[in-house]
Amino acid sequence: MKVALDAQLAVGTATGIGEYVRGLGPALRACGIDVEMLQLPFLDPWRFDRRVVWDQMLLPFAAARARPDLLHCASGTMPFLPAGAPIVVTVHDVAWQRVQQHTRSYARLYFGDLMARRSRSARAIVTDSIFSRGELIEFVGVDPSRVFVAYLGVDPSFAAVVRRPDRVNPTILAVGTVERRKALGMAIEALAGLPGARLVSVGPTTAYEQECRERARRFGVSDRVDFRGYVSRDELLALYATTTLAIAPSLYEGFGYAAAQALCAGVPLLASDAASHPEIVANAVPLVPSGDVAAWRDAIAALLDDIDAAEMRAASVRTAAVARFTWEACARATIPAYMLALR
């Protein structure tokens, strides 16, 4: 079987979807699948116009030239033009329908409504979680028999992190794109009630960062909030090694990469009770009501007050998390979608 894998979102500042294709491709090859990664290294996929050009013009051309048995559109978008092969699409979430109403109308139309309708024509669909599968079936109306769940993998380098947290100057790490649904502003408000603690935000920025900076000034914590932006893998691993705890306060996640990475790195973690988080953390960490500033402040304070116990709990669940979130398991859960598409 030869699969052409859309890998364009692994170019540049790769976020969760970039991690997905970087991990899935080699794992599929290890399972005996002939994989050709389709991407143009010089094309920035994070500008809307260039993303559309890739999806609708360059990707179908590249797929037709590769002559695969099927095309796996791994970024949630599909071409309207024929690609010369059956299509499997990964739909990571339906955030554009759920929580992205504040974004520009043309982006909501393209990534939300148009791609939702287009996904109905895929031979098979892969989702990152049972939660996302249910969301897709409810909001898009696809045939449940064509929707498969494949948890994402976490790179083994996170399992190799050696913890050396600073116990004197507690640091709270929030990983993810600085966008509204990640609820960083709520975490900044909670920080105002946690004297001595620092908040480090890591991830690509959006216009929402300025709103978060203004909120930090309003609550008098600007000197305790550090916006690092997009960082390298080595920098991220160093932060997981040294941070006191990690938080995943997002209001909506199709998978919850930040939570899964923290679990695999053995970092004490607090996650919101929203969307896929309860499924991904699997009772391994406390869940905090999403958007509730007081609840987050109190939960962080309680964890910091008993940080030794939190470290022990994190270490005890680490092995199970590392075993759950492997790229081999992700690849093996994806192959049935390919088989259905080819039938």
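> So what's going on with the overall build of the protein chain? Which residues, and what values?
In terms of regular secondary structure, the protein chain is built from 14 helices and 12 strands. Considering only C-alpha atoms, the protein chain reaches an extent of 60 × 40 × 35 Å along its principal axes. Counting the 343 residues in the protein chain, one finds 55% classified as buried. The contacts of the protein chain with a sequence gap of at least 6 include a subset with a gap of at least 24, amounting to 70%. Total accessible area computed for the protein chain in this model is approximately 14300 Å², and 55% of it derives from carbon and sulfur atoms. For the protein chain, the centre of its 37 positive side-chain charges and the centre of its 35 negative side-chain charges are spaced 5 Å apart.

> Run through the nonpolar core, naming residues and quoting values.
Among the nonpolar cores identified, the biggest contains 57 residues, and Tyr20, Leu28, Val88, Tyr240, Leu263, Leu269 and Phe325 are the most heavily contacted of them. Formed by 30 residues, the second largest nonpolar core is a distinct cluster that contains Ile172, Cys212, Phe227 and Ala310.

> Quick one: what's the story with the packing of aromatic side chains, residue by residue and with numbers?
Applying the stated criterion to the full structure yields 12 aromatic pairs. Here the aromatic rings of tyrosine 20 and tryptophan 327 are separated by 6.4 Å at their centres, their planes lie at 45°, and the arrangement is tilted. Of this pair, tyrosine 20 sits in helix α1 (residues 16–30) while tryptophan 327 sits in helix α14 (residues 327–342), and the two are 307 residues apart along the sequence. When sorted by exposure, tyrosine 20 lands in the same class as tryptophan 327, which is buried. Seen from their ring centres, tyrosine 151 and phenylalanine 255 are 6.3 Å apart, and the 50° between their planes marks the pair as tilted. Here tyrosine 151, found in the loop between β6 (147–149) and α6 (156–159), pairs with phenylalanine 255, found in the loop between β10 (245–248) and α10 (257–265); they are 104 residues apart in sequence, far enough to count as distant.

> Explain the pairing of strand β7 (residues 171–175) residue by residue, including any values.
Counting buried residues in β7 gives 4 out of 5 residues, a clear majority hidden from the surface. Alignment of β7 against strand β8 (residues 198–202), held across 5 bridges, turns out to be parallel. Looking across to β8, one finds that alanine 174 is bridged to serine 201. Chirality of the crossover, the property in question, places the unit of β7, helix α7 (residues 184–191) and β8 among those that are right-handed.

Parameters at a glance
- Residues numbered from 1 in each chain as written.
- Predicted model: local features only at pLDDT ≥ 70, side-chain atom pairs only at ≥ 80, totals over all residues.
- Heavy atoms only, no water.
- Helix = DSSP H or I, 4+ residues; strand = E, 2+ residues; numbered from the N terminus.
- Buried < 20%, exposed > 50% of the residue type's maximum accessible area, 1.4 Å probe, protein only.
- Contact = heavy atoms within 4.5 Å.
- Areas by Shrake-Rupley, 256 points an atom, 1.4 Å probe, with all protein chains shown as cover.
- Lys, Arg positive; Asp, Glu negative; His and termini not counted.
- Charge placed at Lys NZ, Arg CZ, Asp CG, Glu CD.
- Core = buried A, V, L, I, M, F, W, Y, C linked by side-chain atoms within 4.5 Å.
- Phe/Tyr/Trp six-rings, centres within 6.5 Å; stacked < 30°, edge-to-face > 60°.
- Pairing = 2+ DSSP bridges.
- Right-handed = clockwise from strand over helix to strand, strands pointing away.

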